[in-house]
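Observations on the three-dimensional arrangement
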Amino acid sequence: MDEQALLGLNPNADADFRQRALAYFEQLKISQDAWQVCAEALAQSIYSDDHIKFFCFQVLEHQVKFKYSELTEVQQQLIRETLITWLQAQMLNPQPEKTFIRNKAAQVFALLFVTEYLTKWPKFFFDILSVVDLNPRGVDMYLRILMAVDAELVDRDVVHTSEEARRNTLLKDTMREQCIPSLVESWYQILQNYQYNNSELTCQCLEVVGAYVSWIDLSLIANERFINMLLGHMSVEVLREEACDCLFEIVNKGMDPIDKTKLVESLCQVLQSAGLFSIDQEDDVDFLARFSKLVNGMGQALIASWTKLIKNGDMKSAQDTLQAIEAKVALMLQLLIHEDDDISSNIIGFCYDYLHILKQLSALSDQQKANVEAIMLAVMKKLTYDEEYNFENEGEDEAMFVEYRKQLKLLLDRLAQVSPELLLASVRRVFNTTLQNWQTTRFMEVEVAIRLLYMLAEALPVSHGAHFSGDVTKATALQDMMRTLVTSGVSAYQHTSVTLEFFETVVRYEKFFAVEPQHIPTVLMAFLDHRGLRHTSPKVRSRTAYLFSRFVKSLNKQMNPFIEDVLNRIQDLMELSPPENGYQALLSSDDQLFIYETAGVLIVNSEYSAERKQVLMRNLLTPLMEKFKVLLEKLMMAQDEDRQMALADCLNHAVGFASRTSKAFSNKQTVKQCGCSEVYLDCLQTFLPALSCPLQKEVLRSGVRTFLHRMIICLEEEVLPFIPSASEHMLKDCEAKDLQEFIPLINQITAKFKTQVSPFLQQMFMPLLHAIFEVLLLPAEENDQSAALEKQMLRRSYFAFLQTVTGSGMSEVIANQGAENVERVLFTVIQGAVDYPDPIAQKTCFIILSKLVELWGGKDGPVGFADFVYKHIVPACFLAPLKQTFDLADAQTVLALSECAVTLKTIHLKRGPECIQYLQQEYLPSLQVAPEIIQEFCQALQQPDAKVFKNYLKVFFQRAKP
């Protein structure tokens, strides 16, 4: 072996050596006999370095996985012998191998098992067992090999081909017949032998039993001697977690419902008599988390049995099973309420399914009602934050609690389905008690009280948020709670979680303010002062900005009395903060977008006259325009790149804010009615010069483009005079991404104004295409994935542009480009349909071709187009689907084929019998299609129902492909 290269295997080696080692590994993988050198090194323990041993196993693994069939019988025998020799050596070595080497060796054994067990090595397990006997190191390897075999055969996370799945089924069937009873016996011996003196091996063996129990005969494990031993392990501290998991797998195994109930019940009796149901005496939370998972498994298994028995009509057994379920509820509640969230989280499934049973029963007993109430109180208690929760810097623990809260929310929703009245009454009780004394109550209890009110909105669903009409009891209860929320002064509570929950709830129940509008000013003040938009926490300010815009939009006309006051109060929050003043704005630019949108909505929805609206809108937008002009001049003169970037960002924010104010308008009509067209045209004239700025082009263009998109909706044809020069600037020195984002703008204009913009489109058609082709023809690195993806997206955008032009009835834009250019464009479409394996683009290309055939394919079409149809379009309809890359099992590809069928139908429609004659006598015979198939194809094409032909075409190509 290349000793120098092997030095690079050490993780501490320098980069050059590591590079060399990688190259050497690749070299050995393709070499014919390098594996033999590695096999010899392992069998004879030539190397002591762990990384080299691991490396040798990797080379062997590659050989067995990818090149095994190329080996002779003798070579295959050599690999088997190498592994057995290595295994024998494990028991004699003074020191055990490192875990990562043992795991890799086990993987190689498992790969060999999968390859050889059915043919050359049926005694695989017996050979291993005869070598290892009960030697602890041998047993360790044997158990690791069993886990690796299980991973190869049944690991749900590995995606297997149908061929591998068939092979795995056959392997499992053969193992069940030939060796599983012996393996189970060996596990029993290992457990018996090591349970008191080697906890590590015992736990490994329990893990193996748990893994295999899902696919072997359960009676081999679920019998007296095994279960008694496992139950014995439940009282041994170092074994009980693994024993718990093993029992969970046994309980989880699919079986007859009556047998399952008996099995679970017998287990429960023994566990209970062993004192394992007394949770409060147990302080080992890791064990309790596993135990909770086991109880959850038992509960869900019983519920699954109950469901099957009800379905089968066996009411007597179903009743017995329901009693067994009810008997576990007290234990379930103890685990649900446990202070450790992992223990609680593991039992939620059982709890959820139990409530589902109660929901199906016609009436609940007193005990069941008490259970529902107990679950409800547990959920309310467990929703509460603990002291350690870090609100300012949320990490992994916090994220886990947020996930856990989502599980509890599902329980709450399910409780609402079982007993909505009880839930409403319980929440009301907790809410009122807490809010009466909020000043002296801990933050987490205040937060949860408001949170529960918030959660009721989803738990007790209504259409369109109409919580305050309909059912009187419910409406009154919610209305009382909302009134308490907004009048209690709790919005002043000094904790971010309470503040945020207050605003979230106010917005969630915005319909309350239609019923009691007198509370609007109180809530508006909370939004606008130090409790909301001016809070000390940036997180609160940011969320409030979004919630405030939702609140204002939902109140609509009810905001009228407060508009000017609100606009004055938010004025300082809309300051465009230029980079040089070092002033730390209260809101980020993303948050400011919501404030600008809110200002726009207030002005537009107000009942002011058009003149007043125009004045207010000017007051809002003029500061932005003035700042923009100043900053653009500064950018033109800025030398330092960081400063250029900061200025460009600031300019971009100004354009973005102006865009956002226009969201209050739905169309040109509303802009006109408010007298605001002029101010937006002024904005347009102010922002467009940024397009000719040579610095920070990408940022500036992107902002102005977005603004243009909005103005096309708001100003319609009034924008048109600005489009030609804007387009000209945007096409200068552009890259793939620029073009990709520019094309949708042109598509929007084309689709909206159609023939109105025909002269403009004719003029800029070829410049746009030249810019696109130039970028597409740029050479790129072979492995540059992102460049390849950018080109693919640009190609799609280009075809989408042609589709828009042809689909908007403006084919003359293409026709007037001169014969040579027209031809070039048509060829790019043919190329897109056939040559690039991108079904989304191919579909668009066929749509364009169909449209062009429909427009130009008749007798009066352009000269030479009929020729083009037969020479290029018809062949494209066959060559594309015949490509290996055209995957008929893929949904997008099937859509492309569907458009291909439309193209052929359109050709037939426009050219009639001549098309059939061409297919029958010239084209299809040239593809060596059999005469009877040609006949069948032409008949399908002539069917009046297009669907018939689409379905036929798919079958036609499925048959044609090898």
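Remember, predicted model here, so these are calculated numbers, not experimental data.

The phi angle at glutamate 716 is positive, at roughly 50°, despite the residue not being glycine. Among the structural elements, glutamate 716 can be located in the loop between α34 (697-715) and α35 (723-730). Residue class for glutamate 716 comes out partly exposed when judged on its relative accessible area of 22%. Phi at aspartate 733 takes a positive value of approximately 35°, unusual for a residue other than glycine. Along the polypeptide, aspartate 733 turns up in the loop between α35 and α36 (736-753).

Further remarks concern the state of the cysteines. For the structure on display, the rule yields zero disulfides. Free cysteine: cysteine 683, not disulfide-bonded; nearest cysteine sulfur from cysteine 676 at 10 Å. The thiol sulfur of cysteine 845 is not disulfide-bonded, and the nearest other cysteine sulfur, from cysteine 877, lies at 11 Å. Overall, the relative accessible area of 0% leaves cysteine 845 in the buried class.

So, about helix α40 (residues 819-834). Taking 1.5 Å per residue, 16 residues should reach 22 Å; α40 reaches 23 Å between its end C-alpha atoms and fits that length. Within α40, the full set of buried residues consists of Val822, Val825, Leu826, Thr828, Val829, Ile830, Gly832, Ala833 and Val834. On its buried face, α40 is in contact with α37 (758-776), α38 (785-807), α39 (811-815), α41 (839-856) and α42 (865-882).

With that out of the way, let us pick up the packing of α42 against helix α46 (residues 946-960). One can describe the packing of α42 onto α46 by two numbers: an axis separation of 10 Å at closest approach and a directional angle of 55°. When the axes of α42 and α46 are compared, the pair comes out oblique. α46 is crossed by α42, and the crossing has right-handed handedness. Across the interface between the two elements, Cys877, Phe878, Pro881 and Leu882 from α42 touch Phe956, Phe957 and Ala960 from α46. Partitioning the contact of α42 with α46 into residue classes produces seven nonpolar, no polar and no charged.

Relative to the assigned elements, cysteine 877 resides in helix α42. Along the sequence, cysteine 877 and cysteine 900 sit 23 residues apart, while their C-alpha atoms lie 5.8 Å from each other. For cysteine 877, the contacting residues outside a window of four places in its chain are Phe846, Cys900, Thr903, Leu904 and Phe957.

Right, let's get into a negative patch on the surface. Together, Glu735, Glu781, Asp784 and Glu790 line one region of the surface with negative charge. Take glutamate 735: it is sitting in the loop between α35 and α36.

What follows concerns the environment of glycine 857. Residue placement: glycine 857 occurs in the loop between α41 and α42. Distance in space between the C-alpha atoms of glycine 857 and histidine 51 is 70 Å, their sequence separation being 806 residues. Sequence-distant contacts of glycine 857, that is, excluding residues within four places in its chain, are made with Leu852, Phe865, Lys910 and Arg911.

Ranked by internal contacts, the top residues of the largest apolar core, which has 340 residues, are Met175, Trp187, Tyr212, Phe291, Tyr680, Phe878 and Phe937. Each residue touching tyrosine 680, except ones within four places of it in the same chain, is listed here: Met617, Leu621, Ala658, Thr661, Ser662, Phe665, Val671, Phe707, Met711 and Leu715.

Moving on: helix α23 (residues 472-487). Over its 16 residues, α23 runs 22 Å from end to end, which matches the ideal 22 Å to within 8%, given 1.5 Å per residue. Listed in full, the buried residues belonging to α23 are Lys474, Ala475, Ala477, Leu478, Gln479, Met481, Met482, Leu485 and Val486. Looking at the buried side of α23, the elements it contacts are α21 (420-436), α22 (443-459), α24 (496-508), α25 (512-515) and α26 (520-528). With a side-chain oxygen lying 3.1 Å from the backbone nitrogen of threonine 473, the N-terminal cap of α23 falls on aspartate 471.

Let us now look at the side chain of aspartate 738. For aspartate 738, the location among the structural elements is in helix α36. Using a relative accessible area of 8% as the deciding quantity, one classes aspartate 738 as buried. Leaving out residues up to four positions away in the same chain, aspartate 738 has contacts with Glu698, Arg701, Arg705 and Asp733.

Assignment of secondary structure puts glutamate 398 in helix α20 (residues 396-418). Put simply, glutamate 398 is tucked away with no salt bridge, and the nearest opposite charge, on lysine 539, sits 10 Å away. A distance of 2.8 Å separates the side chain of glutamate 398 from the backbone nitrogen of glycine 395, its partner in a polar contact. Every residue in contact with glutamate 398, bar those within four places of it in the chain, is listed here: Glu388, Tyr389, Asn390 and Asn393.

Conventions adopted
- Residues numbered from 1 in each chain as written.
- Predicted model: local features only at pLDDT ≥ 70, side-chain atom pairs only at ≥ 80, totals over all residues.
- Heavy atoms only, no water.
- Helix = DSSP H or I, 4+ residues; strand = E, 2+ residues; numbered from the N terminus.
- Buried < 20%, exposed > 50% of the residue type's maximum accessible area, 1.4 Å probe, protein only.
- Disulfide = S-S within 2.5 Å.
- Expected span 1.5 Å × (residues − 1).
- Contact = heavy atoms within 4.5 Å.
- Axes fitted to C-alpha atoms, helices over the stretch in contact; angles between N-to-C directions.
- Parallel < 35°, antiparallel > 145°, perpendicular 65-115°, else oblique.
- Left-handed = near helix turned anticlockwise from the far one by under 90°.
- Nonpolar A, V, L, I, M, F, W, Y, C, P; charged D, E, K, R; others polar.
- Patch = residues over 30% accessible without salt bridge, like charges linked within 9 Å, V, L, I, M, F, W, Y side chains within 5 Å.
- Areas by Shrake-Rupley, 256 points an atom, 1.4 Å probe, with all protein chains shown as cover.
- Salt bridge = Lys/Arg side-chain N within 4 Å of Asp/Glu carboxyl O.
- Lys, Arg positive; Asp, Glu negative; His and termini not counted.
- Charge placed at Lys NZ, Arg CZ, Asp CG, Glu CD.
- Core = buried A, V, L, I, M, F, W, Y, C linked by side-chain atoms within 4.5 Å.
- Polar contact = N/O pair within 3.5 Å; in protein donor to acceptor, adjacent residues only side chain to side chain.

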